[in-house]
Amino acid sequence: MTLVWKILLGILLIGRLGQGQDLLEEDLKQIAMDEEAEEGGEPEGPGTDVSQPDDRQPCAMWMGGVPGTPGHSGQPGRDGRDGHDGPRGEKGDKGEAGEEGGPGQKGDVGPAGPRGFPGNPGLKGARGDSALSYHSAFSVGLKELVPATNVPIRFNKFFYNDQHHYDDVSGKFRCVLPGVYFFTYHLTVYTKDAKVGLYKNDKAIMFTYDQYQESNVDQASGSVILRLEAEDEVWLQVYGDEGFGGVYADNTNDSTFSGFLLYPAIPTPAQRR
Ligand SMILES: [Ca+2]
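Residues numbered from 1 in each chain as written. Predicted model: local features only at pLDDT ≥ 70, side-chain atom pairs only at ≥ 80, totals over all residues.

- Looking at an unreviewed UniProt entry, one finds the protein chain named C1q domain-containing protein and attributed to Phoxinus phoxinus.
- UniProt, in its Subcellular location (unreviewed entry) section for the protein chain, records the words "Secreted, Extracellular space, Extracellular matrix". (UniProt positions renumbered as here; feature names shortened; annotations may be inferred.)

Here is the structure:
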């Protein structure tokens, strides 16, 4: 029994080998024809079989092998040539605002603007220390004709002399507060000419001369601003002989001499220390 199966199996194998040989020869022919077709060869004729071989036949006849492992990837090819410029695209959307730039360089000075409106008045300043302490004024007159010449006129009628800076004994104003002073005199001239000088420390500063007109009553006047230091003295004096002593006064005619501190020489804060 076993021998019979072996014989049958051998016959079967021989038949298969013969058939496989035939198929192998046909396959080789088909490969040759394919190569000719790829080389541009013309078909031999209208009867030539150009149909694609059935790949399944060899596999159906052969024992299929194990699929090989995929090969390694080849090296990247070279870059292709640049293409032509494409058509112009549509206008894009407006971009977002960029970051704020740094400050620019300082520009040139512009032209002067128009004059502005006056500002509001400032606040009232603090009360100074001169309001009470810097007082100096006098106003005096004569009661009768000046009796003597070349000496200070002693005015003996007092309109104002609260500080007693005018000395009725000497007839001189004596400066107590250094500063700038204003002096003025208005004299009645009667019976003879009048020559009067305003003196400061034994030196005549200014003169007034009036020629008397018979049966008239004349007036003579003068005024001056002087800077005085403490202890300076100012007075009026008739100069010349008695013929120029026409300074007159009575109940209805006055001759006056006045003076007052215009503004004091206030020491600076540094000088006060
Ligand atoms: Ca006159």
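Some details on the overall build of the protein chain
- When you go through the protein chain residue by residue, the secondary structure sums to 4 helices and 10 strands.
- Mapped in sequence order, the helices and strands of the protein chain form the string α-α-α-β-β-β-β-β-β-β-β-β-β-α.
- Counting the 273 residues in the protein chain, one finds 15% classified as buried.
- Sequence separation of at least 24 residues holds for 71% of the intrachain contacts in the protein chain that already meet a minimum separation of 6. (Helix = DSSP H or I, 4+ residues; strand = E, 2+ residues; numbered from the N terminus. Buried ≥ 20, exposed ≤ 12 C-beta atoms within 10 Å, placed from the backbone. Contact = placed C-beta atoms within 7 Å.)

A short note on the nonpolar core
- Ranked by size, the top nonpolar core spans 29 residues in total, and within it Leu187, Ala194, Val196, Leu236 and Val247 carry the most contacts.
- Secondary structure elements with two or more residues in this core: strand 1 (137-141), strand 5 (179-200), strand 7 (218-228), strand 8 (233-238), strand 9 (245-248) and strand 10 (256-264).
- Examining the composition of this core, we find that 8 residues originate from one element, strand 5, more than from any other. (Core = buried A, V, L, I, M, F, W, Y, C linked by C-beta atoms within 7 Å.)

So, the environment of tyrosine 199
- By the secondary structure assignment, tyrosine 199 is in strand 5.
- Classification of tyrosine 199 by C-beta neighbours within 10 Å gives partly exposed; the count is 18.
- When sequence neighbours within four positions are dropped, the list of residues in contact with tyrosine 199 reads Ala204, Ile205, Val234, Trp235 and Gln237.

Thoughts on the environment of leucine 145
- Here leucine 145 lies in the loop between strand 1 and strand 2 (157-160).
- We classify leucine 145 as partly exposed; it has 16 C-beta atoms within 10 Å.
- The spatial distance from the C-alpha of leucine 145 to the C-alpha of serine 255 is 9.3 Å, given a sequence separation of 110 residues.
- If we ignore the near neighbours within four places in the chain, the residues touching leucine 145 are Tyr248 and Ala249.

With respect to unusual backbone geometry
- The phi angle at threonine 191 is positive, at roughly 75 degrees, despite the residue not being glycine.
- If you trace the backbone, threonine 191 turns up in strand 5.

Some words on the pairing of strand 5
- The pairing of strand 5 with strand 7 spans 11 bridges and is classified as antiparallel. Across the sheet, residue valine 189 finds its bridge partner in strand 7, namely aspartate 218.
- Of the pairings in the sheet, the one linking strand 5 to strand 9 comprises 3 bridges and is antiparallel in character. By the bridge assignment for strand 9, alanine 194 is matched with glycine 245.
- Bridge count for strand 5 against strand 6 (residues 203-210) is 7 bridges, and the pairing is antiparallel. Across the sheet, lysine 195 pairs through a bridge with tyrosine 209, a residue of strand 6.
- The turn linking strand 5 back onto strand 6 is made up of 2 residues, and asparagine 201 within it adopts a positive phi angle of 55 degrees.
- Of the strand pairs in this sheet, strand 5 and strand 8 are connected by 5 bridges, and their pairing is antiparallel. Among the inter-strand pairings, glycine 197 is bridged to a residue of strand 8, identified as glutamine 237. (Pairing = 2+ DSSP bridges.)

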